[in-house]
Number of protein chains: 2
Amino acid sequence: MYDFSADSADCARSVEAGLSDYLSGARLSGPGPASDRVVEAMRHGSLEGGKRLRPLLVRQAAAIFSVPRDLSLPAGLAVEMVHCYSLVHDDLPAMDDDDMRRGRPTVHKAFDDATAILAGDALLTHAFAMLADPSTHADAEVRIRLVAELAAGSGAGGMVGGQMRDIEGETSGFSEGDIAVMQAMKTGALIRAAVRMGAILGGAEPRALSALTAYAEAAGRAFQLADDILDVTATAEAMGKATGKDAALGKQTVVARLGVDGARKMLDATVNEALLALRTFGPKADGLRATARYFAAREK
Amino acid sequence: MYDFSADSADCARSVEAGLSDYLSGARLSGPGPASDRVVEAMRHGSLEGGKRLRPLLVRQAAAIFSVPRDLSLPAGLAVEMVHCYSLVHDDLPAMDDDDMRRGRPTVHKAFDDATAILAGDALLTHAFAMLADPSTHADAEVRIRLVAELAAGSGAGGMVGGQMRDIEGETSGFSEGDIAVMQAMKTGALIRAAVRMGAILGGAEPRALSALTAYAEAAGRAFQLADDILDVTATAEAMGKATGKDAALGKQTVVARLGVDGARKMLDATVNEALLALRTFGPKADGLRATARYFAAREK
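Below is a summary of the structure that appears in this document.

Conventions we followed
- Residues numbered from 1 in each chain as written.
- Chains lettered and ligands numbered in written order.
- Predicted model: local features only at pLDDT ≥ 70, side-chain atom pairs only at ≥ 80, totals over all residues.
- Heavy atoms only, no water.
- Least-squares fit on C-alpha atoms with pLDDT ≥ 70 in both.
- Contact = heavy atoms within 4.5 Å.
- Patch = residues over 30% accessible without salt bridge, like charges linked within 9 Å, V, L, I, M, F, W, Y side chains within 5 Å.
- Areas by Shrake-Rupley, 256 points an atom, 1.4 Å probe, with all protein chains shown as cover.
- Salt bridge = Lys/Arg side-chain N within 4 Å of Asp/Glu carboxyl O.
- Lys, Arg positive; Asp, Glu negative; His and termini not counted.
- Charge placed at Lys NZ, Arg CZ, Asp CG, Glu CD.
- Helix = DSSP H or I, 4+ residues; strand = E, 2+ residues; numbered from the N terminus.
- Buried < 20%, exposed > 50% of the residue type's maximum accessible area, 1.4 Å probe, protein only.
- Buried area = accessible area lost by both parts, 1.4 Å probe.
- Polar contact = N/O pair within 3.5 Å; in protein donor to acceptor, adjacent residues only side chain to side chain.
- Core = buried A, V, L, I, M, F, W, Y, C linked by side-chain atoms within 4.5 Å.
- Phe/Tyr/Trp six-rings, centres within 6.5 Å; stacked < 30°, edge-to-face > 60°.
- Axes fitted to C-alpha atoms, helices over the stretch in contact; angles between N-to-C directions.
- Parallel < 35°, antiparallel > 145°, perpendicular 65-115°, else oblique.
- Left-handed = near helix turned anticlockwise from the far one by under 90°.
- Nonpolar A, V, L, I, M, F, W, Y, C, P; charged D, E, K, R; others polar.
- Disulfide = S-S within 2.5 Å.

Copies of the same chain, two in number, are related to each other by a rotation about an axis and a translation along it. For the pair chain B and chain A, the best superposition has an RMSD of 0.0 Å and corresponds to a rotation of 180° with a translation of 0.0 Å parallel to the axis. As the rotation angle and translation indicate, the two copies are arranged about a two-fold axis. A share of 100% of the interface residues of chain B reappears at the interface of chain A, consistent with the copies meeting face to face through the same patch.

Moving on to a negative patch on the surface. Side chains of Asp 139 and Glu 141 of chain A together with Asp 139 and Glu 141 of chain B sit close together on the surface and give a patch of like negative charge. Summarising the element assignment, Glu 141 of chain A is placed in helix α8 (residues 140–154). Overall, Glu 141 of chain A belongs to the partly exposed group, its relative accessible area being 38%.

So, about the interface of chain B and chain A. Taken together, the contacts link 55 residues of chain B with 55 residues of chain A. Approximately 4100 Å² of surface area, both sides summed, lies buried where chain B meets chain A, with 75% of it carried by carbon and sulfur atoms. Linking chain B with chain A are zero salt bridges. The interface formed by chain B and chain A holds 14 residue pairs in polar contact (both at pLDDT 80 or more) in total. Contributions of two or more residues to the side of chain B that touches chain A are made by α3 (36–44), α5 (69–90), α7 (113–132), α8 (140–154), α9 (159–172) and α10 (176–201) of chain B. Per element, the largest residue contribution to the side of chain B that touches chain A is 14 residues, and it comes from α7 of chain B.

As a further point, take the environment of Ala 34 of chain A. Positionally, Ala 34 of chain A belongs in the loop between α2 (25–28) and α3 (36–44). Residue Ala 34 of chain A is classed as buried on the basis of its relative accessible area, which comes to 7%. Linking Ala 34 of chain A and Ser 24 of chain A, residues ten residues apart in sequence, is a C-alpha distance of 8.3 Å. Look past the residues within four positions of Ala 34 of chain A in its chain and what remains in contact with it is Gly 25, Leu 28, Ser 29 and Val 39 of chain A together with Ala 156, Gly 157 and Arg 165 of chain B.

Counting residues in each nonpolar core, the largest one holds 188 residues, and the members touching the most others are Met 42, Leu 150 and Tyr 215 of chain A together with Met 42, Leu 150 and Tyr 215 of chain B. Residues within four places of Leu 150 of chain A in sequence aside, it is in contact with Ala 78, Val 79, Val 82, Ala 127, Phe 128, Leu 131, Leu 190 and Met 197 of chain A.

Before going further, it helps to examine the pattern of salt bridges. Pairing is possible between side chains of opposite charge, provided their charged atoms come close. Residues and elements named next belong to chain A. One pass over the structure, following the stated rule, counts 30 salt bridges over all chains. The partner of Asp 10 in a salt bridge is Arg 13, with the nearest N and O atoms 3.9 Å apart. Of this pair, Asp 10 and Arg 13 are both found in helix α1 (residues 4–22), three residues apart, which corresponds to roughly one turn of the helix. Two residues, Arg 27 and Asp 21, come together in a salt bridge whose shortest N-O distance is 2.6 Å. Residue class for Arg 27 comes out partly exposed when judged on its relative accessible area of 40%. Judged by its relative accessible area of 46%, Asp 21 is partly exposed.

A few words on the packing of aromatic side chains. Residues and elements named next belong to chain A. Within this structure, the stated rule accounts for seven aromatic pairs over all chains. Residues Phe 223 and Phe 295 carry aromatic rings whose centres are separated by 5.2 Å and whose planes lie at 65° to one another, so their mutual orientation is edge-to-face. Of the two residues, Phe 223 sits in helix α11 (residues 206–233) while Phe 295 sits in helix α15 (residues 286–297), which places them 72 residues apart along the sequence. With respect to burial, Phe 223 and Phe 295 carry one shared label: buried. An aromatic cluster is built from Phe 4, Phe 223, Tyr 294 and Phe 295, whose rings are joined through pairwise contacts.

Turning our eyes to something else, we now look at the packing of α1 of chain A against helix α4 (residues 53–63) of chain A. Residues and elements named next belong to chain A. Running from N to C, α1 and α4 cross one another at 115°; their axes reach a closest spacing of 9 Å. By the angle class used here, α1 and α4 are roughly perpendicular. In this structure, α1 meets α4 at a crossing whose hand is right-handed. Together, Phe 4, Asp 7, Ser 8, Asp 10, Cys 11, Ser 14 and Val 15 of α1 and Pro 55, Leu 56, Arg 59 and Gln 60 of α4 make up the contact between the two elements. Residues belonging to the contact of α1 with α4 are distributed by class as follows: five nonpolar, three polar and three charged.

Where α8 of chain A contacts α8 of chain B, the axes come no closer than 8 Å and their chain directions differ by 50°. If you check the angle between α8 of chain A and α8 of chain B, you find them oblique. For the crossing formed where α8 of chain A meets α8 of chain B, the hand is left-handed. Residues Ala 140, Glu 141, Arg 143, Ile 144 and Val 147 of chain A of α8 of chain A pack against Ala 140, Glu 141, Arg 143, Ile 144 and Val 147 of chain B of α8 of chain B. In terms of residue class, the contact of α8 of chain A with α8 of chain B is built from six nonpolar, no polar and four charged.

Further remarks concern the state of the cysteines. All names here are of chain A. Counting across every chain of the model gives zero disulfides over all chains. No disulfide involves Cys 84; its sulfur sits 13 Å from that of Cys 11, the nearest cysteine. Residue Cys 84 is classed as buried on the basis of its relative accessible area of 0%.

Okay, here's the thing in structure tokens:
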């Protein structure tokens, strides 16, 4: 029987240990010695916190193909570094201007804006360095496919493009379709990349990859819906970051359109859609099933 | 006989055309359609300008191993995208706060700070996407080595680490050794990566790779020395960007320590060091030789 709490806690511990090990001057040196200040800021922006859901999705997707946990960890760390870099840049005064993240000062508050920009850049860069490292996977073909997948999920047609659309919408307004596209890119694309990277590690056939992609896209929508609902219903204390921001900005989320109850119903339907995409997989997909259900139930 | 002007002009045209082709909504789409605004800002930050020296170095190093020009172009484009992203972020108000670049408004002036941050992030991300694309090189092993090389050159132990050290030095002061390390990382690391990526494309043996690395490190120092000299001697009009900034910031460059004449002597010696590293290569290395000499002679 799959135990979500145990697996997610174990994954979070592995991610924390893996990032702490990797984000060190010794590991990040290149032609020159790594800058201590950048390394410290990278650690501040990525250690001690977060639910590590994206590495969990990599692990759970890989588990369908019986990939051992330690073999899926590097890909999970790379996705998490991209997630963390995006938060560091998102929090900057020129973007969301957030002072707190996970109950601690954001990187630009703990350091300064220039350091936060550079630390974000370095986290993104070293995510790809991690995937390219031959010690993480013997097959260069698999490693380069992971690079391609992560880049597609985090670039102009993925996460970064979604962030840009979000900012544009705040000033010029969104149609319903715009919101769906923006959210699918801003948060969905990296969740999709995480699941697909697990499948690539497992050598998934096209049909399986396609089913897992459908799962990931529905799961991503569920995650975003839950986030929008929590922005309305949760306290800043419980979330460890400011809430009520969407409403304050007049952001046209699904919750603003349907109300909390309507959004919760849509969330349940979306989770069911994710589960349906997994119907051809056996109990080895119970991890992914549990995570989709968790998205609907989470309280922070 | 190698013709530097013709080859560098041809390379610059190829880079311009290659970037213009690649930086389009169609090519940058991912799970979602690329954001038009991000694509426009990426184009603004990378097209119509620059000497394209890094792609030229990739091409010239690859030429030693008889790699056709079109096969070395994608790696050159990837290095150039990383160079351009670093300029976009460097120009931000939180960093160097430059309004003009190559005689045009910087990206954050033409758009806004948030867009410049995201466009820089996307240029970096798509540099790796470019290298991962199977259409650029048949061998996954070569593609992933290029990813590793570019990431090492541009990360915390390379370019980004050098930028951080530069900012730290402005506030806390530099020793002579600090300046050397900072410059080797800030500008040297990407030049080094460009040359090594050309060598990797050519399947260079360890001894040849080592000689080319020595060339690249000396050439990088020559490039930086020339830049520091030009910061003192050239006009803003000729450079297309502000000059005299180093002195205004009290930055302890080699020129500040040795004077312009002393720095020019050191530049000549450094170019000779670069040429010496190429002694075992025949006329096919004339491109790299010409570029090293160009560094000493350039006027902008």
